[in-house]
Amino acid sequence: MKLQLAEAAQRIIQEHATEIYPDECCGFLYGEENDVRLIQEAIQVINSKDGDKRRRFEISPEDYMRAERYALENNTNLLGVYHSHPNHPARPSEHDLKQAVPFFSYIIVSVMEGKVADITSWQLNEDSQFEEEKILQTENYTSNT
Amino acid sequence: MAKVIIPTPLRKFTGNQATIETNGTTVLESLQSLAETHPEIKKHLFDDAGQVRKFVRLYLGDEDIKALQNEQTPVQSGSVISIIPAIAGGV
């Protein structure tokens, strides 16, 4: 499994993750599905989790419906979601796994002390376990802070 | 009688169809009808006890069925049911 992350999309994810720190940010990923999954666009969404947003994120059903409609109206594909792990590694947690859905790429951004430290991507395999997707073109983790 | 909108992550279980016409007079019957015609989607909608999974939200038009009659909410021809996966997680 490989994933290419367009520079513009990567920038939006990084900026969102650092702006919202120490809370968790989240958003949707859109693009094209070929041999390599291409993420062309990232769109920020409000973390609608009640309570501690520093350790949890949630996307409201209304925002999810809007995201599906956006894909249809703009002739693109909803291919996944991103979220940040403030002061934690960019590895899926048990909370991530518990609610993960098939097919989607889950991009995770580790933000340490307010700066982007790492970006990884994951997808459920046939055994419903996360498998890492190699991200092409992620040399630049320059934080905007 | 209702049309069900399949979310992107579950479309591989419906032959990439984004919408499916179902039989039944309630939301629950519509989902059961969907699971009969596309058996692979069943485990993503229902748990082992046959209940709709906790992490699956259902909307009829723009309304959460929890604000209606839940899974027993009646549907008519032309009703649109959206299956919405819970998107959540954390560190």
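The rules behind the values
Residues numbered from 1 in each chain as written. Chains lettered and ligands numbered in written order. Predicted model: local features only at pLDDT ≥ 70, side-chain atom pairs only at ≥ 80, totals over all residues. Heavy atoms only, no water. Helix = DSSP H or I, 4+ residues; strand = E, 2+ residues; numbered from the N terminus. Rg over C-alpha atoms; globule rule 2.2 N^0.38 Å. Buried < 20%, exposed > 50% of the residue type's maximum accessible area, 1.4 Å probe, protein only. Areas by Shrake-Rupley, 256 points an atom, 1.4 Å probe, with all protein chains shown as cover. Lys, Arg positive; Asp, Glu negative; His and termini not counted. Charge placed at Lys NZ, Arg CZ, Asp CG, Glu CD. pLDDT = per-residue confidence, 0-100. Salt bridge = Lys/Arg side-chain N within 4 Å of Asp/Glu carboxyl O. Pairing = 2+ DSSP bridges. Contact = heavy atoms within 4.5 Å. Axes fitted to C-alpha atoms, helices over the stretch in contact; angles between N-to-C directions. 1 Å grid on protein atoms, 1.4 Å probe; cavity = no way out; pocket = protein on both sides within 12 Å on 5 of 7 lines; lining within 4 Å. Points joined across faces, edges and corners; volume = space filled by probe spheres on them. Nonpolar A, V, L, I, M, F, W, Y, C, P; charged D, E, K, R; others polar. Core = buried A, V, L, I, M, F, W, Y, C linked by side-chain atoms within 4.5 Å.

## Observations regarding the overall build of chain B
When you go through chain B residue by residue, the secondary structure sums to two helices and six strands. Helices (α) and strands (β) of chain B occur, in sequence order from the N terminus, as β-β-α-α-β-β-β-β. The C-alpha radius of gyration of chain B comes to 12 Å, within 12% of the 12 Å expected for a compact globule of 91 residues. Projected onto its principal axes, the C-alpha coordinates of chain B cover approximately 40 × 30 × 25 Å. The buried share among the 91 residues of chain B stands at 52%. Surface accessibility of chain B: about 4,500 Å² in total, with carbon and sulfur atoms responsible for 46%. Averaged over its 9 positive side-chain charges, chain B has a centre that lies 8 Å from the centre of its 10 negative ones.

## Structural notes on the confidence of the model for chain B
Overall, the prediction assigns chain B a mean pLDDT of 96, with 100% of residues at 70 or greater. Note on the complex model: pTM 0.92, ipTM 0.90.

## Looking at the pattern of salt bridges
In the structure shown here, the tally under the stated rule is seven salt bridges over all chains. Linking Glu68(A) and Arg11(B) is a salt bridge whose minimum nitrogen-to-oxygen distance equals 3.2 Å. With Glu68(A) in helix 2 (residues 61-73) and Arg11(B) in the loop between strand 1 (3-5) and strand 2 (19-21), the pair connects residues from two separate chains. As far as burial versus exposure is concerned, Glu68(A) and Arg11(B) are alike and both buried.

## What to know about the sheet that holds strand 3 (residues 56-60) of chain B
Strand order in the open sheet made by the five strands is 2-1-5-3-4 (chain B), with mixed pairing throughout. Strands with a single pairing partner mark the edges of an open sheet, and in this sheet they are strand 2 and strand 4 (63-64) of chain B. Relative to strand 5 (residues 80-85) of chain B, strand 1 of chain B runs parallel, the two sharing three bridges. If you follow Lys3(B) over to strand 5 of chain B, its bridge partner there is Val80(B). Against the sheet, helix 2 of chain A makes contact with strand 3 and strand 5 of chain B, and its axis sits at roughly 105° relative to strand 5 of chain B, the strand it touches most.

## Topic: the layout of surface pockets
Counted as a void, the largest pocket has a volume near 410 Å³. Considering the residues around the largest pocket, the lining is formed by 20 residues, among which Lys98(A), Ala100(A), Val101(A), His44(B) and Arg53(B) are closest to the centre. For the lining of the largest pocket, the secondary-structure elements that each account for two or more residues are helix 3 (94-98) of chain A together with helix 2 (42-45) and strand 5 of chain B. Across the lining of the largest pocket, the residue classes break down as 13 nonpolar, three polar and four charged.

## A few points about the nonpolar core
Within the largest apolar cluster, 24 residues are counted, with the highest numbers of intra-cluster contacts made by Phe28(A), Ile59(A), Leu78(A), Phe104(A) and Ile87(B). Breaking this core down by element, the ones donating at least two residues are strand 2 (26-33), strand 4 (56-59), helix 2, strand 5 (77-86), strand 6 (105-112) and strand 7 (115-124) of chain A. With four residues, helix 2 of chain A is the single largest residue contributor to this core. The contacts of Ile87(B), once residues within four sequence positions are left out, are Phe57(A), Glu58(A), Ile59(A), Tyr64(A), Val81(A), Val101(A) and Phe104(A). By size, the runner-up hydrophobic cluster in this structure holds 22 residues, among which are Ala2(B), Ala35(B), Ile65(B) and Val75(B).

## Comments concerning the pairing of strand 2 of chain A
Each regular strand carries side chains that alternate between the two faces of the sheet. Residues and elements named next belong to chain A. Counting buried positions over the eight residues of strand 2 gives six, a clear majority of the element. Note that strand 2 and strand 3 (residues 37-45) share eight bridges and pair antiparallel. Each residue of the ladder has a partner; that of Gly31, found in strand 3, is Ile39.

## Let's talk about the environment of Asp23(A)
Residues and elements named next belong to chain A. Inspection of the secondary structure puts Asp23 in the loop between helix 1 (7-20) and strand 2. Among the residues examined, Asp23 registers a relative accessible area of 27% and is labelled partly exposed. Other than its neighbours up to four places away in sequence, Asp23 contacts Lys53, Arg54, Ser84 and Pro86.

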